[in-house]
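Observations on chain architecture
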Amino acid sequence: MRVGHGYDLHRLEALPPDGRGKPLILGGIHIPHHTGPVAHSDGDVLLHAMTDAILGALGLPDIGRLFPDTDAANKDANSVLFLCEALRLMRASAFEIGNVDCTVICETPKIGPLRDALVAQLAQLLECPIERINVKGKTHEKVDAVGEGRAIEVHVVALLRSKAASHD
Ligand code: MG
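Let me sum up the structure you'll find in this document. (Residues numbered from 1 in each chain as written. Predicted model: local features only at pLDDT ≥ 70, side-chain atom pairs only at ≥ 80, totals over all residues. Heavy atoms only, no water.)

**Considering the nonpolar core**
Operational definition: The term nonpolar core refers to a set of buried residues drawn from Ala, Val, Leu, Ile, Met, Phe, Trp, Tyr and Cys, joined through side-chain atoms within 4.5 Å. Relative accessibility decides the category of a residue: with a 1.4 Å probe and only protein chains considered, values under 20% of the type maximum give buried, values over 50% give exposed, and everything between is partly exposed. In DSSP terms, a helix is any run of H or I states spanning at least four residues, a strand is any run of E spanning at least two, and both are numbered starting from the N terminus. Should any heavy atoms of two residues lie within 4.5 Å, those residues are considered in contact.
Among the nonpolar cores identified, the biggest contains 41 residues, and Leu46, Met50, Ile54, Ile97, Leu126, Ile133 and Val135 are the most heavily contacted of them. Among the elements of the structure, helix H1 (45–58), helix H3 (80–92), strand E5 (95–105), helix H4 (115–126), strand E6 (133–138) and strand E7 (151–162) are those that each provide at least two residues to this core. Broken down by element, the residue count for this core peaks at ten residues, all from H1. When sequence neighbours within four positions are dropped, the list of residues in contact with Met50 reads Leu83, Val100, Cys102, Leu122, Leu126 and Val156.

Put into structure tokens, the structure is as follows:
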């Protein structure tokens, strides 16, 4: 078994013309909201942390090295593509998802009502049963940038199982 941790944070700004925020996308789901991430790609903070957790478990270069934000090819990129590359590398190494545990930290939107949809979407993207996915929402108690609604952050821990090893 291998364990990996992924972390990501994006600044949140008002949508144009008042700010530079892009539409808020979490786990590949567009969530209508008055602010959104400032990002080179689509700014899907959940999928970025997920991608890094899987890459970390494999001991591979992180998302920033695989998909640099200086590369025009990644501008406005759909972050599902980043995750799919991490999953391709995982399968090439004969690993599968054991389970993933995600913590999304923001003041708004509230994650609780979105939880089931996020779990279902992640299970579809990771091609594994929903029982292997967990998503938790936390606030930052109104302090610091996250607590003031100026940023959103995500932690993901991913456990990968070797398909080559016995599981007893
Ligand atoms: Mg990111």
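Having seen the model, we can carry on.
**Observations regarding the coordination of the magnesium ion**
For the record, the criterion: Distances decide who is a donor: an N, O or S atom must be within 2.8 Å of the metal, or within 3.2 Å for Na, K and Ca. Water is not included, so sites may look incomplete.
Protein-derived ligands of the magnesium ion are Asp8 (OD), His10 (NE2) and His48 (ND1), with the metal-ligand distances lying across 2.1 to 2.2 Å. Donor residues binding the magnesium ion come from one chain and are separated in sequence as D-x1-H-x37-H. With Asp8 in strand E1 (residues 2–14) and His48 in helix H1, the pair connects residues that are 40 residues apart, well separated along the chain. Here Asp8 matches His48 in class, with each residue buried.

**Quick notes on the state of the cysteines**
Rule in force here: The definition used for a disulfide is geometric: two cysteine sulfur atoms within 2.5 Å.
With the rule as written, the count across this model stands at zero disulfides. Between Cys102, a cysteine without a disulfide, and Cys128, which holds the nearest cysteine sulfur, the sulfur-to-sulfur distance is 10 Å. Note on Cys102: relative accessible area 0%, which makes it buried.

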